[in-house]
Amino acid sequence: MPRKWFLILIAGCWLGSLVARAEDATTTWRAVIPEPTSGETTAEQDRSPAAPQVPAAVESPVAEPSVAEPALTPDQQALRDRIRSCLAYYFYRPESTQRRSPWGVMHAIIGFGVDTSLLADDREVNAIAWLCANGPCYRMQLLAIPAAGSVGVRRGPGYQGHDGQLLAILAQSRVKIDYPLVVQGQRLSIADLVHAEQLSCRAGTELTFKLIGLAHYLDPDAAWRNDLGEAWNIAHLVKEELAQPIVGAACGGTHRLMGFSYAVRNRERSGQPLDGQWERAQDYLQQYYAYTFKLQNADGSFSTNWFARRGDQADLDRRLDTTGHTLEWLAYSLPKSQLGDARVVRAVEYLTDLMWRYRGREWEIGPRGHAIHALSLYDERAFGGRLGQRAEDLAAFRRVGRTAEVVERPLVSETPSR
């Protein structure tokens with residue numbers, strides 16, 4: 001066989017293997033994502049596709065009391081519309097697998113959860129479905145089968161940045177525990193990922209993201225043994241995390257606080273008392289609520305020095321990062337009755353205005369994803385935004401051409417707040 005045709009044959013086999021891997025994932029995402037539909041686009045290539053079918057969401061993030069909701073005031077309606085106009089801008093600009101690594105796609109997902117779209121191979125797919133099918137992102141695949149079986153998540157640049165990070169993002173997106181994973185031809189599920197994270201629990205290590213994921217997916221009284229035979233449970237995870245500092249932790253410590261919030265809220269949802277480690281975590285959260293507002297800047301933004309001290313740096317990326325992460329934690333954690341607190345509203349207004357006014361800015365994908373999640377959570381809990389139906393809710397704003405009414409206030413304080 002001439003060398004030329006031999007090389008062509010080899011190339012064809014290689015391309016065939018890629019197609020086979022994609023087709024292996026088909027059974028996961030094709031049942032979730034409708035075929036692309038034609039439609040008009042603007043000069044900015046803003047697309048408003050029909051709402052895709054998405055991975056089914058589970059319970060609401062916080063067990064809310066069953067009470068009649070009062071009608072929104074005109075000010076609340078205006079804030080809701082500004083938030084949704086801002087969210088719509090980002091929602092209809094999906095990320096691409098050609099541009100984003102698995103880490104980048106995970107941070108796109110954190111913003112809109114199960115509603116997140118993704119451009120893959122010139123078509124629009126559901127981002128969670130693609131990632132769980134181990135679809136390539138920037139020619140990188142996140143999932144692997146470890147030697148001991150089960151499922152592994154690759155860690156390093158472009159992959160998972162922390163142990164348990166993927167599970168935490170799936171938990172915060174409220175994807176069901178039986179949702180399928182497809183890895184190297186094997187059909188697994190998120191339950192297998194939960195088990196893998198249980199096995200790798202280690203005392204004295206960062207357990208922040210494991211706590212978020214395991215507290216969400218497991219019963220508060222669940223007990224297990226790691227791969228060393230050591231006994232673990234959720235209370236043990238909380239105790240280990242309480243022994244670690246906030247300052248210096250991932251993203252200023254906001255994720256560690258989120259872990260405590262997940263443990264406490266899911267304990268509350270179970271109807272069991274907040275005793276032992278859960279009581280300690282609840283007291284810790286209460287202290288940090290007060291401390292966070294003490295550090296808040298006059299314009300509504302949160303400290304650009306995280307929880308270390310007051311900070312009001314002018315750098316817009318820093319302000320998005322710190323205010324977005326801090327508000328994300330508060331929007332999830334605070335009792336619903338406190339979401340209308342003037343300090344919370346100022347923070348929501350600030351973040352909305354920042355993201356809208358600089359909507360053409362190339363924000364870093366990580367901080368942007370958490371900032372979007374902050375506004376999505378607030379819209380959901382304060383204004384009834386619907387998980388799994390974001391496309392429907394936000395498309396309504398775009399169809400009638402509504403835009404955010406941005407309050408013309410300085411987005412950087414002229415003088416440091418007291």
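Relevant structure appears above.
Description of the structure in this document. (Residues numbered from 1 in each chain as written. Predicted model: local features only at pLDDT ≥ 70, side-chain atom pairs only at ≥ 80, totals over all residues. Heavy atoms only, no water.)

**A closer look at helix α13 (residues 365–383)**
Because an α-helix completes one turn every 3.6 residues, residues spaced three or four positions apart along the sequence face the same direction.
Part 1 of the reasoning: Compared with an ideal rise of 1.5 Å per residue, which puts 19 residues at 27 Å, α13 spans 26 Å between its outermost C-alpha atoms and is within 8% of the ideal.
Part 2 of the reasoning: The element α13 is extensively covered by neighbouring structure, given that 18 of its 19 residues are classed as buried.
Part 3 of the reasoning: G384 sits one or two positions beyond α13 and adopts a positive phi of about 80 degrees. (Helix = DSSP H or I, 4+ residues; strand = E, 2+ residues; numbered from the N terminus. Expected span 1.5 Å × (residues − 1). Buried < 20%, exposed > 50% of the residue type's maximum accessible area, 1.4 Å probe, protein only.)

**Describing the packing of helix α11 (residues 316–333) against α13**
Part 1 of the reasoning: Orientation of α11 relative to α13, taken along the N-to-C sense of each, is 30 degrees, at an axis distance of 8 Å. It follows from the interaxial angle that α11 and α13 lie roughly parallel. In the packing of α11 onto α13, the handedness of the crossing is left-handed. Every residue of α13 that contacts α11 at L320, D321, G324, H325, L327, E328, A331, Y332 and S333 is listed here: P367, R368, H370, A371, H373, A374, L375, L377, Y378 and R381. (Axes fitted to C-alpha atoms, helices over the stretch in contact; angles between N-to-C directions. Parallel < 35°, antiparallel > 145°, perpendicular 65-115°, else oblique. Left-handed = near helix turned anticlockwise from the far one by under 90°. Contact = heavy atoms within 4.5 Å.)

**Considerations on helix α7 (residues 208–217)**
Part 1 of the reasoning: Where burial is concerned, most of α7 is hidden: 10 out of the 10 residues are buried.
Part 2 of the reasoning: Considered for burial, the residues of α7 that qualify are T208, F209, K210, L211, I212, G213, L214, A215, H216 and Y217.
Part 3 of the reasoning: Looking at the buried side of α7, the elements it contacts are α5 (165–172), α6 (190–199), β8 (223–225), α8 (234–242) and α9 (254–269).

**Concerning the packing of aromatic side chains**
Part 1 of the reasoning: Counting across every chain of the model gives 13 aromatic pairs.
Part 2 of the reasoning: Measuring from centroid to centroid gives 6.1 Å for Y89 and W356, while their planes differ by 80 degrees, and the two rings are edge-to-face. With Y89 in helix α2 (residues 74–91) and W356 in helix α12 (residues 342–357), this pair connects stretches of sequence that are 267 residues apart.
Part 3 of the reasoning: A relative accessible area of 13% means that Y89 is categorised as buried.
Part 4 of the reasoning: When the centroid spacing of 5.4 Å and the interplanar angle of 90 degrees are considered together, the rings of Y288 and F307 count as edge-to-face. (Phe/Tyr/Trp six-rings, centres within 6.5 Å; stacked < 30°, edge-to-face > 60°.)

**Describing the side chain of H370**
Part 1 of the reasoning: Turning to its location among the elements, H370 is positioned in helix α13.
Part 2 of the reasoning: Excluding residues within four positions of it along the chain, H370 makes contact with H107, I110, H255, G324, H325 and E328.

**So, the pairing of strand β2 (residues 117–120)**
Part 1 of the reasoning: In terms of strand pairing, strand β1 (residues 95–96) meets β2 through two bridges, oriented parallel. Each bridged residue has a counterpart across the sheet, and for S96 the counterpart in β2 is L119.
Part 2 of the reasoning: As defined by bridge partners, β2 adjoins strand β3 (residues 123–126) across four bridges and the pair is classed as antiparallel. Bridged to S117 within β3 is N126.
Part 3 of the reasoning: Between β2 and β3, which pair antiparallel one after the other, the connecting turn spans two residues, and D121 there sits at a positive phi close to 55 degrees. (Pairing = 2+ DSSP bridges.)

**So, unusual backbone geometry**
Part 1 of the reasoning: Positioned with a positive phi, N134 is a non-glycine residue whose angle comes to about 60 degrees.
Part 2 of the reasoning: Examined against the element boundaries, N134 turns out to sit in the loop between α4 (127–132) and β4 (143–144).
Part 3 of the reasoning: A relative accessible area of 6% means that N134 is categorised as buried.
Part 4 of the reasoning: Even without glycine at this site, R139 takes up a positive phi of about 65 degrees.
Part 5 of the reasoning: With respect to the helices and strands, the residue R139 is situated in the loop between α4 and β4.

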